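Inside the fold
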Amino acid sequence: MQRRGNSAKDGYVGIDNDRDGGMTFHGRLVLDARVFGLIPEDETCEGWELGRLQGLADRVNAEWDKHGGGIPSLLPDDLRRRHAEIYEKQMEKARDAGWNPDANLEDEQ
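Residues numbered from 1 in each chain as written. Predicted model: local features only at pLDDT ≥ 70, side-chain atom pairs only at ≥ 80, totals over all residues. Heavy atoms only, no water.

1. A look at the overall build of the protein
- Helix and strand counts for the protein come out as four helices and zero strands.
- Listing the helices and strands of the protein from first to last along the sequence gives α-α-α-α.
- Every one of the 109 residues in the protein was classed for burial, and the buried ones make up 37%.
- Put simply, of all contacts in the protein between residues at least 6 apart along the chain, 48% involve residues at least 24 apart.
- Per element, the accessible surface of the protein, about 6,900 Å² overall, is 46% carbon and sulfur. (Helix = DSSP H or I, 4+ residues; strand = E, 2+ residues; numbered from the N terminus. Buried < 20%, exposed > 50% of the residue type's maximum accessible area, 1.4 Å probe, protein only. Contact = heavy atoms within 4.5 Å. Areas by Shrake-Rupley, 256 points an atom, 1.4 Å probe, with all protein chains shown as cover.)

Rendered as structure tokens:
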């Protein structure tokens, strides 16, 4: 059963337990950290406190800054392929869990 929130007391629920199949702000942070090799691919960050996640976000942002600021197409070939593989795998899991990428667009309109 997936938990849908994030209790500050318990820390981050982890990408595997996050809402929207992990396609949230924190879930994408985990994915980006995997892309850049900042955490192992099996690290879910479950139980990480906000300060630890912020430290990871700072490191991820520093990596993105080296490569054009968050645009996957500007990554070097090896990182662009890694990004595509990691994100495609997670998006497939998320869709299987009921995530609809267009739902957020509808909410914003």
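Moving on from the coordinates now.
2. Section: the packing of aromatic side chains
- As enumerated under the stated definition, the model contains one aromatic pair in all.
- Note on Phe36 and Trp64: the rings are 5.2 Å apart at their centroids and 90 degrees apart in plane angle, and the pair reads as edge-to-face. With a gap of 28 residues between them, Phe36 in the loop between helix H1 (25–35) and helix H2 (50–66) and Trp64 in helix H2 connect regions that are remote in the sequence. Trp64 matches Phe36 in its accessibility class, with the two residues each being buried.
- A cation over an aromatic ring shows up here: Arg52 above the ring of Trp48, its NZ or CZ 3.7 Å from the ring centre. (Phe/Tyr/Trp six-rings, centres within 6.5 Å; stacked < 30°, edge-to-face > 60°. Lys NZ or Arg CZ within 6 Å of the ring centre and 35° of its normal.)

3. Focus on the pattern of salt bridges
- Under the defined criterion, the tally for this structure stands at four salt bridges.
- Here Arg82 ties to Glu41 by a salt bridge, and the two come within 2.9 Å at their closest N and O atoms. Of this pair, Arg82 sits in helix H3 (residues 77–96) while Glu41 sits in the loop between H1 and H2, and the two are 41 residues apart along the sequence.
- We classify Arg82 as partly exposed; its relative accessible area is 25%.
- Take Glu41: its relative accessible area is 41%, and that puts it in the partly exposed class.
- Among the ionic pairs, Arg80 bridges to Asp77, the shortest N-O distance being 2.3 Å. Of this pair, Arg80 and Asp77 both sit in helix H3, three residues apart, which is roughly one turn of that helix.
- Overall, the relative accessible area of 33% leaves Arg80 in the partly exposed class. (Salt bridge = Lys/Arg side-chain N within 4 Å of Asp/Glu carboxyl O.)

4. A short note on the packing of H1 against H2
- Interhelical geometry of H1 versus H2 gives an angle of 55 degrees and a closest axis separation of 10 Å. Classified by the interaxial angle, the pair formed by H1 and H2 is oblique. For the pair H1 and H2, the sense of crossing is left-handed. For the pair H1 and H2, the contacting residues are His26, Leu29, Asp32 and Ala33 in the first and Leu53, Leu56, Ala57, Val60 and Trp64 in the second.
- Of the residues assigned to the contact of H1 with H2, the class counts are seven nonpolar, one polar and one charged. (Axes fitted to C-alpha atoms, helices over the stretch in contact; angles between N-to-C directions. Parallel < 35°, antiparallel > 145°, perpendicular 65-115°, else oblique. Left-handed = near helix turned anticlockwise from the far one by under 90°. Nonpolar A, V, L, I, M, F, W, Y, C, P; charged D, E, K, R; others polar.)

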